[in-house]
Amino acid sequence: MKYNFVQPGLFAEYYVSPMWALRGTVAYSLTRNLEIYNREDKVTGVVDFATLGKKPVFLNPEISKGAAFKLSLSYRIPQRKS
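Just so it is clear, the model here is predicted, and its values are computed rather than measured.

Chemist: Report on the packing of aromatic side chains, specifying residues and quantitative values.
Modeler: Throughout the structure, instances matching the rule amount to one aromatic pair. Ring centres 5.1 Å apart and planes at 65° place the aromatic pair Trp 20 and Tyr 75 in the edge-to-face group. Taken together, the positions of Trp 20 in strand E3 (residues 20-29) and Tyr 75 in strand E7 (residues 66-75) put the pair 55 residues apart, joining distant regions of the chain. For Trp 20, a relative accessible area of 39% puts it in the partly exposed group. Given the relative accessible area of 45%, Tyr 75 is considered partly exposed. The side chain of Arg 23 reaches across the aromatic face of Phe 11, ending 4.0 Å from its centre.

Structural data, given as structure tokens:
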């Protein structure tokens, strides 16, 4: 399985406490592919977006372009003051 995406967008963070933050992201997906292959289909390697060797054919249809929204919760490790 391989997931490729290009999603330029904006994000905003809100600190719930000094160590916890909520991040909301709004983006537009230019490319969004979740490629699922047969177990036997393998490539020699991948450099950036260039596949080395014979490229396997993925089994699922391409995911459409469009708006993408994400909400995440993150924990921030405080830095020690020297």
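Chemist: Residues and numbers for the sheet that holds E3, please.
Modeler: Strand pairing in a sheet is mediated by backbone hydrogen bonds. Such pairs are either parallel or antiparallel. Taken together, the three strands give an open sheet; going across it, the order is E2-E3-E7, and neighbouring strands pair in antiparallel fashion. At either margin of the open sheet sits one strand with a lone partner, and together these are strand E2 (9-15) and E7. Pairwise comparison of adjacent strand axes, ignoring direction, gives a mean angle of 15° for this sheet. In this sheet, E3 lies alongside E2 in antiparallel orientation, the contact comprising seven bridges. Opposite Tyr 15, over in E3, you have Ala 21 as the bridge partner.

Chemist: An account of the pattern of salt bridges is requested, with residue identities and associated values reported.
Modeler: Two side chains carrying opposite charge are able to pair once their charged atoms lie near each other. Overall, the coordinates contain two salt bridges when judged by the stated rule. Ionic pairing is found between Arg 23 and Glu 13, a salt bridge with its closest N-O pair at 2.9 Å. You can see Arg 23 sitting in strand E3 and its partner Glu 13 sitting in strand E2, a full 10 residues away along the chain. Exposure remark for Arg 23: the relative accessible area of 30% places this residue in the partly exposed category. In this structure, Arg 76 and Glu 13 form a salt bridge, with 2.4 Å as the shortest nitrogen-oxygen distance. Taken as a pair, Arg 76 in the segment after E7 and Glu 13 in strand E2 lie far apart in primary sequence, 63 residues in all. A relative accessible area of 27% means that Arg 76 is categorised as partly exposed. Taken together, the shared-partner salt bridges in this structure form one network comprising Glu 13, Arg 23 and Arg 76.

Rules used in this analysis
- Residues numbered from 1 in each chain as written.
- Predicted model: local features only at pLDDT ≥ 70, side-chain atom pairs only at ≥ 80, totals over all residues.
- Heavy atoms only, no water.
- Phe/Tyr/Trp six-rings, centres within 6.5 Å; stacked < 30°, edge-to-face > 60°.
- Helix = DSSP H or I, 4+ residues; strand = E, 2+ residues; numbered from the N terminus.
- Buried < 20%, exposed > 50% of the residue type's maximum accessible area, 1.4 Å probe, protein only.
- Lys NZ or Arg CZ within 6 Å of the ring centre and 35° of its normal.
- Pairing = 2+ DSSP bridges.
- Axes fitted to C-alpha atoms, helices over the stretch in contact; angles between N-to-C directions.
- Salt bridge = Lys/Arg side-chain N within 4 Å of Asp/Glu carboxyl O.

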